[in-house]
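Letter by letter, the chains look like this.
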Amino acid sequence: MKRQMKKLSKQTYPSLRMRRLRNNSGIRKLISETKLTVDNLVQPIFVTEGKNKTEKISSLPGIYRYSEDNLLREVKKLKSLGIIAVALFPNISKNNKSESANEAFNNDGLIQRCIRKIKNKFPNFIVISDVALDPYTSHGQDGIIDSTGYIINDITNDVLLKQALSHAEAGSDIVAPSDMMDGRIKIIRKGLEKENFYNTKILSYSAKYASSYYGPFRDAVGSISALGKADKKTYQMDFSNKSEAIREVDLDLREGADLVMVKPALPYLDIISLIKKTFKIPVFAYHVSGEYLMIKSAAKNKSIDEKLIVIESLTCIKRSGASSIITYYAKEVAQWLN
Ligand code: PBG
């Protein structure tokens, strides 16, 4: 490697001109290393109770909450644009929320019904379902709390297992625990194997940071008011840490995760790159709601070129090592690339 570097550096200007390989679009395309394609994009979809609803989400312009009956039409549209996968998130009414989050594992709950509907109609379309309790708890935390408000790890895991099994039972292709409890991958994998769900994949949100970029999402699933001023720092990671992400991923892989996620995406490219380099596995990146909203808002002010900024951002996320990107821009990018 060192010798090679020496050889390279002997040649300099003018025999070597870096601009030679940039002087027209043909040569630039010919040697480009990263290609953004629809294949690697996942569209998050919010679903809500009731009938004939396509609700605007004020914190996420351009994104909607669909009632079950309107969901299939949207999935069909995404499919026709070449999108292969969606990630489902529920917004349930206040009276279905509780301290115990029982609605999370209701076999006939909103998410379970939606998974069944999509898989019945489009068996090859990939459904990723979120395993976490925040849309279901009256306090908006991702787990069961004690009297001081602390999230009790092991009791939460019991509920997460029931939730994951109810998703697998409904036909979810990929269950995605986004809660950051310790040991939940082990418990969910064991439970899935026991119930003969051998091919249900686990996408672990392994390196999920306690981030202020999630604000608009919390509004979309209706947990923001419940959460109030509370934060999630006793379970989600501190954004100043890096080596901890390796330990989290390592543990999740040993516990049985097939895929891992880094979240958020753009401010965390160093983490994506490090994990890809260390483990040689498919890494998902979640381009989260706050990242989406920042671009949308700037685009609304006409202060940036939205399309160019989005294509550049997502290509850079891929270049850093992500195999797949969950992004609210998936549908629009699919339209642009078509
Ligand atoms: C919660 C969950 C969150 C997101 C996905 N799953 C928010 C949180 O942890 O508070 C955020 C996604 C986004 O901001 O787009 N289990």
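### Looking at the site of the ligand
Moving on, step 1. The environment of the ligand is made up of 17 residues, and the closest members are Arg 218, Lys 232, Lys 263, Ser 289 and Tyr 328.
Moving on, step 2. A distance of 2.8 Å separates an oxygen atom of the ligand from a polar side-chain atom of Lys 208.
Moving on, step 3. The separation between an oxygen atom of the ligand and a polar side-chain atom of Lys 232 is 2.7 Å.
Moving on, step 4. A total of 400 Å² of accessible area belongs to the ligand in isolation, and the protein chains cover 100% of it.
Moving on, step 5. Of all the cavities here, the one that holds the ligand is the largest cavity.
Moving on, step 6. Considering only residue class, the shell around the ligand consists of seven nonpolar, three polar and seven charged.

### Describing the pattern of salt bridges
Moving on, step 1. Counting across every chain of the model gives 15 salt bridges.
Moving on, step 2. Glu 55 is paired through a salt bridge with Lys 53; the nearest N and O atoms lie 4.0 Å apart.
Moving on, step 3. Glu 306 is paired through a salt bridge with Lys 296; the nearest N and O atoms lie 2.6 Å apart. Within this pair, whereas Glu 306 is found in helix α12 (residues 306-319), its partner Lys 296 is found in helix α11 (residues 289-300), the two being separated by 10 residues in sequence. Here the two residues Glu 306 and Lys 296 agree in accessibility, since each one is buried.
Moving on, step 4. Put simply, Lys 53, Glu 55 and Arg 65 are held in one network by salt bridges that share partners.

### Here we look at the nonpolar core
Moving on, step 1. In this structure, Ile 45, Phe 46, Leu 88, Ile 118, Ile 275, Tyr 286 and Ile 317 are the most contacted members of the largest nonpolar core, which totals 96 residues.
Moving on, step 2. The contacts of Ile 275, once residues within four sequence positions are left out, are Ala 207, Ala 245, Val 249, Val 260, Val 262, Lys 280 and Val 283.

### Here we look at the environment of Tyr 213
Moving on, step 1. Looking at the element boundaries, Tyr 213 is found in the loop between β7 (201-208) and α7 (215-220).
Moving on, step 2. Residue Tyr 213 is classed as partly exposed on the basis of its relative accessible area of 28%.
Moving on, step 3. Along the chain, Tyr 213 and Met 294 lie 81 residues apart, while their C-alpha atoms are 9.5 Å from each other.
Moving on, step 4. The residues contacting Tyr 213, other than those within four sequence positions of it, are Pro 264, Pro 267, Val 288, Ser 289, Gly 290, Glu 291 and Met 294.

### Observations concerning the packing of helix α5 (residues 153-170) against helix α6 (residues 184-194)
Moving on, step 1. Between α5 and α6, whose axes approach to 9 Å, the crossing angle comes to 40°. Taken together, the axis directions place α5 and α6 in an arrangement best described as oblique. Taken as a pair, α5 and α6 cross one another with a handedness that is right-handed. Where α5 approaches α6, its residues Asn 157, Leu 160, Leu 161, Ala 164, Leu 165 and Ala 168 are matched on the opposing element by Arg 184, Ile 187, Ile 188, Gly 191 and Leu 192.
Moving on, step 2. Across the contact of α5 with α6, the residue classes tally to eight nonpolar, two polar and one charged.

### Structural notes on a positive patch on the surface
Moving on, step 1. Together, Arg 17, Arg 19, Arg 20 and Arg 22 make up a positively charged patch on the protein surface.
Moving on, step 2. Along the chain, Arg 19 falls in the loop between α1 (2-10) and α2 (25-30).
Moving on, step 3. Overall, Arg 19 belongs to the exposed group, its relative accessible area being 67%.

Each value, and the rule that gives it
- Residues numbered from 1 in each chain as written.
- Predicted model: local features only at pLDDT ≥ 70, side-chain atom pairs only at ≥ 80, totals over all residues.
- Heavy atoms only, no water.
- Near = heavy atom within 4 Å.
- Polar contact = N/O pair within 3.5 Å; in protein donor to acceptor, adjacent residues only side chain to side chain.
- Areas by Shrake-Rupley, 256 points an atom, 1.4 Å probe, with all protein chains shown as cover.
- 1 Å grid on protein atoms, 1.4 Å probe; cavity = no way out; pocket = protein on both sides within 12 Å on 5 of 7 lines; lining within 4 Å.
- Sits in = over half its atoms within 2 Å of the grid points.
- Nonpolar A, V, L, I, M, F, W, Y, C, P; charged D, E, K, R; others polar.
- Salt bridge = Lys/Arg side-chain N within 4 Å of Asp/Glu carboxyl O.
- Helix = DSSP H or I, 4+ residues; strand = E, 2+ residues; numbered from the N terminus.
- Buried < 20%, exposed > 50% of the residue type's maximum accessible area, 1.4 Å probe, protein only.
- Core = buried A, V, L, I, M, F, W, Y, C linked by side-chain atoms within 4.5 Å.
- Contact = heavy atoms within 4.5 Å.
- Axes fitted to C-alpha atoms, helices over the stretch in contact; angles between N-to-C directions.
- Parallel < 35°, antiparallel > 145°, perpendicular 65-115°, else oblique.
- Left-handed = near helix turned anticlockwise from the far one by under 90°.
- Patch = residues over 30% accessible without salt bridge, like charges linked within 9 Å, V, L, I, M, F, W, Y side chains within 5 Å.
- Lys, Arg positive; Asp, Glu negative; His and termini not counted.
- Charge placed at Lys NZ, Arg CZ, Asp CG, Glu CD.

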